[in-house]
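# Close look at the chain arrangement
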Amino acid sequence: MEGFSKLFGFRTFGDKEKMSFKNQYRKLPLGVTVVNFTTRHDGRRRQFHNKTSHPVTAAKGNPPLDVAEMLRLAATSLCLRCQRSPSLRLRVRPCATLNQSENQETVDALYDLSVDIQKVRKLKGWVLHRSPAYAKEVAGLLKDMGASGAVVARILAVHPEAVLHTPEQVRSQKELWMSVCPSQRDLVGIIEKFPASFFTSASHRDNQRSNIAFFLGLSLNKRVVTKLMAGAPQSFSRPVQQNQEVVCTLQQTYLELGGEEANMKVWLQKLLSQNPFVLLKPPEVLRQNLMFLRGRGFSTAELLRLLSKLRGFVIELNPDSMRRSLTFAQDAIGCTEAELRDLVLKCPALLYYPESTLAERFGGLLGAGISMSQITETPTILELTPQIVSCRIRQLEARGYDVKSGGLDALNGTKKDFERSFGKLQLRGERPLFNPVAPLRGDD
């Protein structure tokens, strides 16, 4: 007994300690279960049973054994159980994988770069199964461009396919983008926002070079070309002939509508920068939409104004949707065709908002106490959601401005426009009634 106690660090208990243990056992709360080992009269151990501190169940139990013997039995059972249990090899890293089909080198490299591996597994786990991968090399090239470790981690978490590009491909892509990008710092910002635009397939490299040369040949600003590459990378990955056809259609349409050739470059540059996806639409769509608008009575000069104000949305529309929107707006306002055309020129959103959106906007404005005459005087108010309108009305009313009598100019516009108008109202409300510095005039 003493040898076993020394081996496992146990010690035997005296009579006083045994009595103390029994007293503590009696003080346990009701329902607390303890383990009690018992022996038979022949000295052989029998199977232990649970004993609780409940007075009824406690009275039915046998007297407890020596505490040292109970601990010895528990230790022996634990040792035998540990010998039978198979050992498990645990990895130290919590993010490491036990899936043998994953490329463990890639997982370890991403872990070292502080990349959210769980996010990668959830969104694009197939990348972790590819081999070879170049996570460290790609990260090193991004850092050479000026990207911080946190930026690299974000890029690889959002677009882990980047690790499948060879270092030579990344260097070639960097050289291509630097032909139009002002600096490496700007390029890093583009990669962080549009990683899929930068890490494109190497098979598209020739098309990208041809398209860059084509747009630079149009005397477009390099920043505009960079924006096109980032916003609509598909247009640079396809053959250059398709972009040439779209641009030629836009130029011809501009000249046919009365535009001056001297201003065509500025007009085209503004149109493409506002909506890069114009290049991805078939040229026939533009012709069909312009023919529809011409049939609704828009003159050539009005179509040119409308084409510029739509910021390329005219390519994304179709005659059926425009017809439904115009019909709903005309019925809601109760205006003539000529008045409707004037409203469309002031608020082109009447063309591309669906009927459900127009119904929500008209209902929200009328519900806020704004009359239909006020809406027709300032139709661009329809570009604001009902939530924004309600919030702005509350802010203006807090400054004593009545939208019903004061007009919608203070309510209308972008966020910056509204803050400017609201600031003027606030300054006017805080202005003193008299100038305390000016001398008071008295009776002569």
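Just so it is clear, the model here is predicted, and its values are computed rather than measured.

## Details of the overall build of the protein chain
Scanning the protein chain from N- to C-terminus turns up 27 helices and two strands. Long-range contacts, defined here as pairs at least 24 residues apart, represent 67% of the contacts in the protein chain between residues at least 6 apart. A total accessible area of about 26400 Å² is found for the protein chain, and carbon and sulfur atoms account for 53% of it.

## Focus on the packing of aromatic side chains
Inspection of every chain in the model, using the stated rule, returns seven aromatic pairs. Within the aromatic cluster, the residues linked to one another by ring pairs are W177, F198 and F199. The ring of Y353 has R361 lying over it, and the distance from NZ or CZ to the ring centre is 4.9 Å.

## A short note on the pattern of salt bridges
Scanning the entire structure with this criterion turns up eight salt bridges. A salt bridge links E355 to R324; the nearest nitrogen and oxygen atoms lie 3.8 Å apart. Of this pair, E355 sits in helix α23 (residues 355–367) while R324 sits in helix α20 (residues 319–333), and the two are 31 residues apart along the sequence.

## Examining the packing of helix α7 (residues 135–144) against helix α9 (residues 167–178)
Between two packed helices, what matters for the description is the angle formed by their axes and the separation of those axes. Two elements in contact, α7 and α9, have axes separated by 9 Å at closest approach and are oriented at 25°. Here α9 runs roughly parallel to α7, going by the angle between their axes. Handedness of the α7/α9 crossing: right-handed. Taking contact as the criterion, the partners of E137, V138 and L141 in α7 are, on α9, P167, V170 and R171.

## Overview of the environment of K136
Relative to the elements of secondary structure, K136 occurs in helix α7. In this structure the C-alpha to C-alpha distance between K136 and A109, which are 27 residues apart in sequence, comes to 6.3 Å.

## With respect to the side chain of S235
Position of S235 relative to the elements: it lies in helix α14 (residues 234–237). Judged by its relative accessible area of 0%, S235 is buried.

## A word on unusual backbone geometry
In this model, S131 is joined to P132 through a cis peptide bond whose omega is 5°. Position of P132 relative to the elements: it lies in the loop between α6 (117–124) and α7.

## With respect to helix α18 (residues 300–309)
Given 3.6 residues per helical turn, the α-helix brings residues three or four places apart onto the same face. Within α18, burial applies to E302, L303, L304, L306 and L307. In this fold, the buried residues of α18 make contact with α15 (240–256), α16 (261–274), α17 (283–295), α19 (313–316), α21 (337–346) and α22 (349–352). With its phi angle positive at about 55°, R311 sits one or two positions after the end of α18.

## Describing the packing of helix α8 (residues 149–158) against helix α10 (residues 184–193)
At a minimum axis distance of 9 Å, the contact between α8 and α10 shows a crossing angle of 35°. In this structure, α8 contributes V151, R154 and I155 to the contact, and α10 contributes V188, I191 and E192. Residues belonging to the contact of α8 with α10 are distributed by class as follows: four nonpolar, no polar and two charged.

## A closer look at the environment of Y134
One can find Y134 in the loop between α6 and α7. A relative accessible area of 22% places Y134 in the partly exposed class. Residues Y134 and T106, 28 residues apart in the sequence, show an inter-C-alpha distance of 7.7 Å. Setting aside residues no more than four positions away along its own chain, Y134 makes contact with V163, L164, H165, T166 and P167.

## As for the environment of I393
For I393, the location among the structural elements is in helix α25 (residues 386–398). Between the C-alpha atom of I393 and that of L411, which follows or precedes it by 18 residues, the distance is 7.1 Å. I393 has contacts with A368, I370, V403 and L411, leaving out every residue within four places of it along the chain.

## A closer look at the side chain of N103
Here N103 lies in the loop between α4 (67–84) and α5 (104–112). Those residues within four positions of N103 in sequence are excluded, and the remaining contacts are L128, H129, R130, S131 and A133.

## A short note on the confidence of the model for the protein chain
Here the protein chain averages 80 in pLDDT, while 73% of its residues score no lower than 70. Confidence drops under a pLDDT of 50 for residues 4–10, and excluding neighbours within four residues, the segment shows eleven contacts in the predicted structure.

Cut-off values and rules
Residues numbered from 1 in each chain as written. Predicted model: local features only at pLDDT ≥ 70, side-chain atom pairs only at ≥ 80, totals over all residues. Heavy atoms only, no water. Helix = DSSP H or I, 4+ residues; strand = E, 2+ residues; numbered from the N terminus. Contact = heavy atoms within 4.5 Å. Areas by Shrake-Rupley, 256 points an atom, 1.4 Å probe, with all protein chains shown as cover. Phe/Tyr/Trp six-rings, centres within 6.5 Å; stacked < 30°, edge-to-face > 60°. Lys NZ or Arg CZ within 6 Å of the ring centre and 35° of its normal. Salt bridge = Lys/Arg side-chain N within 4 Å of Asp/Glu carboxyl O. Axes fitted to C-alpha atoms, helices over the stretch in contact; angles between N-to-C directions. Parallel < 35°, antiparallel > 145°, perpendicular 65-115°, else oblique. Left-handed = near helix turned anticlockwise from the far one by under 90°. Buried < 20%, exposed > 50% of the residue type's maximum accessible area, 1.4 Å probe, protein only. Nonpolar A, V, L, I, M, F, W, Y, C, P; charged D, E, K, R; others polar. pLDDT = per-residue confidence, 0-100.

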